[in-house]
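# Inside the fold
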Amino acid sequence: MQIKGVEWVSWVDYPGQICTTVFYDGCNLRCPFCHNALLVWESTALPPVDQAELLKKLGERRELVPAVCISGGEPTLSSGLPDLVMNLKSLGLKIKLDTNGTRPKLLKKLLADGLLDYVAMDIKSPWDKYRQVVGTKVDVKAVQTSVKLLTTMAPAYEFRTTVVPGLLNETDLLVMGQELAGASKYVLQQFRPVKPLLDPDLEQQQPFPKEFLQAVAAKLHNYVAEIEIRG
Ligand code: SF4
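The notes below deal with the structure included here. In this text, all values refer to a predicted model and were calculated from it rather than measured experimentally.

A few words on helix H2 (residues 51–60). Of all the residues in H2, the buried ones are Leu54, Leu55, Leu58 and Gly59. On an axial view of H2, the arc spanned by its buried residues comes to 130°, and they lie on one face. Facing away from the buried side of H2, by more than 90 degrees, are the exposed residues Ala52, Lys56 and Glu60. Here the buried face of H2 lies against strand E1 (3–10), strand E2 (19–24), strand E3 (67–71) and helix H3 (81–90).

Strand order in this open sheet of eight strands is E1-E2-E3-E4-E5-E6-E7-E8, and the pairing throughout is mixed. Looking at the sheet topology across the chains shown, the edges are occupied by E1 and strand E8 (226–230). The mean inter-strand angle of the sheet, taken between neighbouring strand axes irrespective of direction, is 20°. Sheet analysis places strand E7 (residues 185–190) next to E8, joined by five bridges and oriented parallel. In the strand pairing of E8, Lys185 is matched with Glu226.

The complete set of buried residues in helix H7 (residues 170–179) reads Asp172, Leu173, Leu174, Met176 and Gly177. Buried positions along H7 lie against strand E6 (157–163), E7 and helix H8 (210–220). Capping of H7 at its N-terminal end is provided by Asn169; its side-chain oxygen lies 3.1 Å from the backbone amide nitrogen of Thr171.

On to the side chain of Thr76. The topology assignment puts Thr76 in the loop between E3 and H3. Only 2.6 Å separates the side chain of Thr76 from the side chain of Glu74, close enough to count as a polar contact. Leaving out residues up to four positions away in the same chain, Thr76 has contacts with Leu81, Leu97, Thr99, Arg103 and Leu106.

What follows concerns the packing of H2 against H3. Running from amino to carboxyl end, H2 crosses H3 at an angle of 25°, the nearest separation of the two axes being 10 Å. In terms of orientation, H2 lies roughly parallel with respect to H3. Crossing of H2 over H3 shows right-handed handedness. Contacts between H2 and H3 involve Gln51, Leu55 and Leu58 on the former and, on the latter, Leu84, Asn87 and Leu88.

Conventions used here
- Residues numbered from 1 in each chain as written.
- Predicted model: local features only at pLDDT ≥ 70, side-chain atom pairs only at ≥ 80, totals over all residues.
- Heavy atoms only, no water.
- Buried < 20%, exposed > 50% of the residue type's maximum accessible area, 1.4 Å probe, protein only.
- Helix = DSSP H or I, 4+ residues; strand = E, 2+ residues; numbered from the N terminus.
- Arc of directions from axis to C-beta.
- Contact = heavy atoms within 4.5 Å.
- Pairing = 2+ DSSP bridges.
- Axes fitted to C-alpha atoms, helices over the stretch in contact; angles between N-to-C directions.
- Polar contact = N/O pair within 3.5 Å; in protein donor to acceptor, adjacent residues only side chain to side chain.
- Parallel < 35°, antiparallel > 145°, perpendicular 65-115°, else oblique.
- Left-handed = near helix turned anticlockwise from the far one by under 90°.

Structure below.
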């Protein structure tokens, strides 16, 4: 697993911060709606980013861009992630991690060491549909452990779900709200049928109307304090 992409300035990847976003390649899930196919398959077409150069540049720009979002792929699959996070912290940068929550052991260590300022964790579906929605075998208990870790240890966090018609419906979303009851923030992300998606059949799928997401969000307030609709 290597860093294969950098977006030097992002206004949208870290709530309330301007950040640089780095993208690890490789993922242990195969969500059909994933639009990072090249990263997921660990393509050799993408050259790795030189980490020494990356750290140097981030250090030079930290007054202007004070935060980093570590995304992917799935960053927690990389054995180099703890070192990267420590190096970024030593530069005084705020750190947000994007994760699918399948590696709770590493997540716990990073949180216990105070290395993460914000974690955004994907919740793909109700627990009993996970295997069906992520397109491969998955340890649902590990994901549930990560949910618990965030609600008890993270300084700030969000759970987020890409709402894909055909994969999720209103009942699913309300069940997910119940399963996350007591969490501080839940984000409903609008599905975007941009090409290429991991499952090309979904490229023809139209998103739910915004009014649908708004109506579901109103009901989810029964379970989670803050609901955001994104996209
Ligand atoms: S959307 Fe799914 S397949 Fe794509 S990077 Fe995230 S967890 Fe992996």
